[in-house]
Amino acid sequence: MGKIDIATKQYMSHRDIIADAFNFYIYDGRQVIKPEELQKIDTAEIALPYGNDADVAVQKLRDNLMLWSMAKDDEAVYVVLGIENQDKIHYAIAVKNMLYDALQYAKQVEEAKRSYRDRSKKKQIKLNSEEFLSGLKKEDKLMPVITLVVYFGDKDWDGAKSIHEMLSVDNVELLSYVLDYKINLIEPAKISDENFDKFKTDLGAVMQFIKHQSDKDGSWIKGNSRFNHVEKEAVELINIITGAKFAGDDKEEVVDMCRAWENSMKDAKIEGKIETLYEECEMSIPDIAKKVSKPEEYVREVIKRMKAACL
């Protein structure tokens, strides 16, 4: 597992972040899913083998899995919410998610079957032949499973977003008999800047920075209050994903990314001037230091990085 995989999985494990992601995607930012209504559940699934050299069943681990328990009409309603994090485009994600969701439904059936059989052995319940065969009673219902893909890349997702898009035929009549499976996807490049405010946690700041990471002018971040107080964990995730180097005060729990961005732009201009004075004007390091009002050690470090980049 790579560094970005570990970082995104850790960040997306928080209840408030998961609730925020699903509220943004399903409820257009309305706070329907509450973090306190979420409970972590086992992410392990036993998958049937498929793909290259598959010969035995293997255990698959979902990135994050939560049970959402909400009260509706004085009754408890349960929904299984799964998160799959992607920093790169996965061209078979529809198959992967379909398999995970199917395994989650199969697990629910198996748990019900085991419970009924244990109770029937103790003569606490009696199953008819059909119920015994399926492991479910006629009135039993399964919990819905919703998997959401959170994409941490800045380019457009050009992979298939459904099973039908992956198939080798496009005959409408034939496909009407082939069940489709569509993925749920949060894609930074497709979110308009005004819609990032629908996120209520710093996941919105992470997504918006990823979208604009290649923009040079920084107009999107200047005056954007979202970036005035960004939690350190979110800033660290931004640094890992984009290669940015935002640093905050060790004593503070939040980072003013607007100010840090402006400082980085000033530093970039100074470094560009140092390179010009060194290469084109052939000035000495002491003279350059005086010219840009920086310590000689700072100038040496810039020139060192400049030379390393040319190798």
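Please refer to the structure placed before this passage.
Residues numbered from 1 in each chain as written. Predicted model: local features only at pLDDT ≥ 70, side-chain atom pairs only at ≥ 80, totals over all residues. Heavy atoms only, no water.

Draft legend 1. Just the overall build of the protein, in detail. Across its full length, the protein carries 11 helices and nine strands. Across the 311 residues that make up the protein, the buried fraction comes to 38%. Put simply, of all contacts in the protein between residues at least 6 apart along the chain, 61% involve residues at least 24 apart. (Helix = DSSP H or I, 4+ residues; strand = E, 2+ residues; numbered from the N terminus. Buried < 20%, exposed > 50% of the residue type's maximum accessible area, 1.4 Å probe, protein only. Contact = heavy atoms within 4.5 Å.)

Draft legend 2. Region of interest: helix α7 (residues 203–212). The buried fraction of α7 is high, at nine of 10 residues. Listed in full, the buried residues belonging to α7 are L203, G204, A205, V206, M207, Q208, F209, I210 and H212.

Draft legend 3. Representation of the nonpolar core in the model. By size, the foremost hydrophobic cluster in this structure holds 45 residues, and its most contacted members are M12, F152, V206, M207, F209, F227 and M257. Counting 10 residues, the second-largest nonpolar core is a separate cluster that includes I89, I93, A94 and I183. (Core = buried A, V, L, I, M, F, W, Y, C linked by side-chain atoms within 4.5 Å.)

Draft legend 4. A negative patch on the surface, seen in detail. A contiguous patch of negative charge on the surface is contributed by D16, E231, E252 and E253. With respect to the helices and strands, the residue E253 is situated in the loop between α8 (232–242) and β9 (254–255). (Patch = residues over 30% accessible without salt bridge, like charges linked within 9 Å, V, L, I, M, F, W, Y side chains within 5 Å. Areas by Shrake-Rupley, 256 points an atom, 1.4 Å probe, with all protein chains shown as cover. Salt bridge = Lys/Arg side-chain N within 4 Å of Asp/Glu carboxyl O. Lys, Arg positive; Asp, Glu negative; His and termini not counted. Charge placed at Lys NZ, Arg CZ, Asp CG, Glu CD.)

Draft legend 5. Structural context of the packing of aromatic side chains. The tally for this structure, following the rule as stated, stands at five aromatic pairs. For the ring pair F209 and W220, a centre distance of 5.5 Å and an interplane angle of 70° mean the geometry is edge-to-face. Remark: W220 occurs in the loop between α7 and β8 (230–231) and F209 occurs in helix α7; sequence separation between them is 11 residues. Residue classification places F209 among the buried residues on the basis of a relative accessible area of 3%. A relative accessible area of 8% means that W220 is categorised as buried. Ring geometry for W220 and F227: centres 5.5 Å apart, planes at 80°, overall edge-to-face. Here W220 matches F227 in class, with each residue buried. By the ring-pair criterion, three or more aromatic residues cluster together here, those being F209, W220, F227 and F246. The cationic tip of K294 hangs over the ring face of Y298; the distance from NZ or CZ to the ring centre is 5.0 Å. (Phe/Tyr/Trp six-rings, centres within 6.5 Å; stacked < 30°, edge-to-face > 60°. Lys NZ or Arg CZ within 6 Å of the ring centre and 35° of its normal.)

Draft legend 6. A look at the sheet that holds strand β4 (residues 64–72). Pairing is mixed in the open sheet, where five strands are placed in the order β1-β4-β5-β6-β7. The sheet terminates laterally at β1 (38–40) and β7 (184–186), the two strands that pair on one side only. Averaged over all pairs of adjacent strands, the angle between their axes in this sheet comes to 30°, without regard to strand direction. Summarising the sheet, β4 and strand β5 (residues 75–86) pair through nine bridges and their orientation is antiparallel. Of the residues in β5, the one forming a bridge with L65 is G82. (Pairing = 2+ DSSP bridges. Axes fitted to C-alpha atoms, helices over the stretch in contact; angles between N-to-C directions.)

Draft legend 7. Inspection of the side chain of D87 at higher detail. Tracing the sequence through the fold places D87 in the loop between β5 and α3 (93–121). A polar atom in the side chain of D87 sits 3.2 Å from the side chain of K88. Not counting the four nearest positions on each side in its chain, D87 is found in contact with I4, D5, Y151, F152 and G153. (Polar contact = N/O pair within 3.5 Å; in protein donor to acceptor, adjacent residues only side chain to side chain.)

Draft legend 8. Examining a nonpolar patch on the surface more closely. A cluster of nonpolar side chains, contributed by L167, V169, L174 and V178, occupies part of the molecular surface with about 280 Å² of accessible area. Look at V178 and you get partly exposed, because its relative accessible area is 32%.

Draft legend 9. Focus on the pattern of salt bridges. A complete count under the given rule lists 12 salt bridges for this structure. K211 is the salt-bridge partner of D193, the closest N and O atoms lying 3.9 Å from each other. With D193 in the loop between β7 and α7 and K211 in helix α7, the pair connects residues that are 18 residues apart, well separated along the chain. Residue class for D193 comes out partly exposed when judged on its relative accessible area of 31%. A residue is classified by how much of its surface remains accessible, and K211, at 23% relative accessible area, is partly exposed.

Draft legend 10. Main features of the pairing of β4. In this sheet, β4 lies alongside β1 in antiparallel orientation, the contact comprising three bridges. Across the sheet, the residue bridging to L38 is W68, located in β4.

Draft legend 11. Highlighting the packing of helix α1 (residues 3–11) against α8. Contact geometry for α1 and α8: axes closest at 10 Å, N-to-C directions at 155°. In terms of axis orientation, α1 runs roughly antiparallel to α8. The chirality of how α1 crosses α8 is left-handed. The residues of α8 that touch α1, namely those facing K3, I4, A7, T8, Q10 and Y11, are E233, A234, L237, I240 and I241. Its residues assigned to classes, the contact of α1 with α8 shows seven nonpolar, two polar and two charged. (Parallel < 35°, antiparallel > 145°, perpendicular 65-115°, else oblique. Left-handed = near helix turned anticlockwise from the far one by under 90°. Nonpolar A, V, L, I, M, F, W, Y, C, P; charged D, E, K, R; others polar.)

Draft legend 12. Up close: the packing of α7 against α8. Between α7 and α8, the shortest axis-to-axis distance is 10 Å and the interhelical angle comes to 25°. Regarding the angle of α7 to α8, the classification is roughly parallel. In the packing of α7 onto α8, the handedness of the crossing is right-handed. Across the interface between the two elements, A205, V206, F209 and I210 of α7 pack against A234, L237, I238, I241 and T242 of α8. Looking at the contact of α7 with α8 residue by residue, the class counts come to eight nonpolar, one polar and no charged.

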